[in-house]
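Below, each chain spelled out in residue letters.
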Amino acid sequence: MPTLSIGQPRGDCPYKNYANDLGLLYQGKTNDDWRDEEPGKILHEIRMGEMARCNEIPHTPYYGTADATPLWLMVYAEYYAWTYDSQTLDRLWPNALPAME
């Protein structure tokens, strides 16, 4: 992975798609008590092992945390404050709306 260095221009963020897109792949779509999923929530954890494949654990993905969604929204706002990248902001806006509800 690329590293950030002191003096790097603010608009050049090598991580601009990595963290946002990973969480949004599994953004909550329905109400599911087993996974604590609600529309708009950002995942907390995902597992791929045997227990997950057999649905013995709810981490496929799991949404049961109080901070993942508000933290994603904070990163969303901070990313724009640092980069002024309105294209990414606009691309993620449809995901930000349900996260704010």
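Residues numbered from 1 in each chain as written. Predicted model: local features only at pLDDT ≥ 70, side-chain atom pairs only at ≥ 80, totals over all residues. Heavy atoms only, no water.

Right, let's talk about the overall build of the protein chain for a bit. Within the protein chain, the secondary structure is distributed over four helices and zero strands. Starting at the N terminus and walking to the C terminus, you meet the elements of the protein chain as α-α-α-α. Residues counted as buried form 33% of the 101 residues belonging to the protein chain. Accessible surface computed for the protein chain: about 6900 Å², of which carbon and sulfur atoms make up 58%. (Helix = DSSP H or I, 4+ residues; strand = E, 2+ residues; numbered from the N terminus. Buried < 20%, exposed > 50% of the residue type's maximum accessible area, 1.4 Å probe, protein only. Areas by Shrake-Rupley, 256 points an atom, 1.4 Å probe, with all protein chains shown as cover.)

A few words on helix H4 (residues 86–100). At Trp93, H4 is deflected by roughly 50°, the largest bend along its length, and proline Pro94 occurs up to four residues later in sequence. Along H4, the residues that are buried comprise Thr88, Leu92, Asn95, Ala96 and Ala99. Put simply, Asp85 is the residue that caps the front of H4, since its side-chain oxygen is 3.3 Å from the backbone nitrogen of Gln87. (Bend = angle between axes of the 7 residues up to and from the residue. Polar contact = N/O pair within 3.5 Å; in protein donor to acceptor, adjacent residues only side chain to side chain.)

Turning our attention to the pattern of salt bridges. Taken as a whole and judged by the stated rule, the model has two salt bridges. In this structure, Glu45 engages Arg47 in a salt bridge whose closest nitrogen and oxygen atoms are separated by 2.6 Å. The exposure class of Glu45 is partly exposed, given its relative accessible area of 25%. Arg47 gets classed as partly exposed once you look at its relative accessible area, which sits at 40%. (Salt bridge = Lys/Arg side-chain N within 4 Å of Asp/Glu carboxyl O.)

Once that is clear, we can look at the nonpolar core. By size, the foremost hydrophobic cluster in this structure holds eleven residues: Leu24, Ile42, Leu43, Tyr63, Ala68, Trp72, Leu73, Tyr76, Leu92, Ala96 and Ala99. Only helix H3 (68–83) and H4 provide two or more residues apiece to this core. Per-element tally for this core: the top contributor is H3, with four residues. The contact partners of Ala68, leaving out residues within four places of it in the chain, are Ile42 and Leu43. (Core = buried A, V, L, I, M, F, W, Y, C linked by side-chain atoms within 4.5 Å. Contact = heavy atoms within 4.5 Å.)

Relative to each other, H3 and H4 sit at 155°, their axes nearing to 11 Å. Accordingly, the angle class assigned to the pair H3 and H4 is roughly antiparallel. The hand of the H3/H4 crossing is left-handed. For the pair H3 and H4, the contacting residues are Thr69, Trp72, Leu73, Tyr76, Tyr79 and Tyr80 in the first and Ser86, Thr88, Leu89, Leu92, Trp93, Asn95, Ala96, Ala99 and Met100 in the second. Residues that form the contact of H3 with H4 fall into these classes: eleven nonpolar, four polar and no charged. (Axes fitted to C-alpha atoms, helices over the stretch in contact; angles between N-to-C directions. Parallel < 35°, antiparallel > 145°, perpendicular 65-115°, else oblique. Left-handed = near helix turned anticlockwise from the far one by under 90°. Nonpolar A, V, L, I, M, F, W, Y, C, P; charged D, E, K, R; others polar.)

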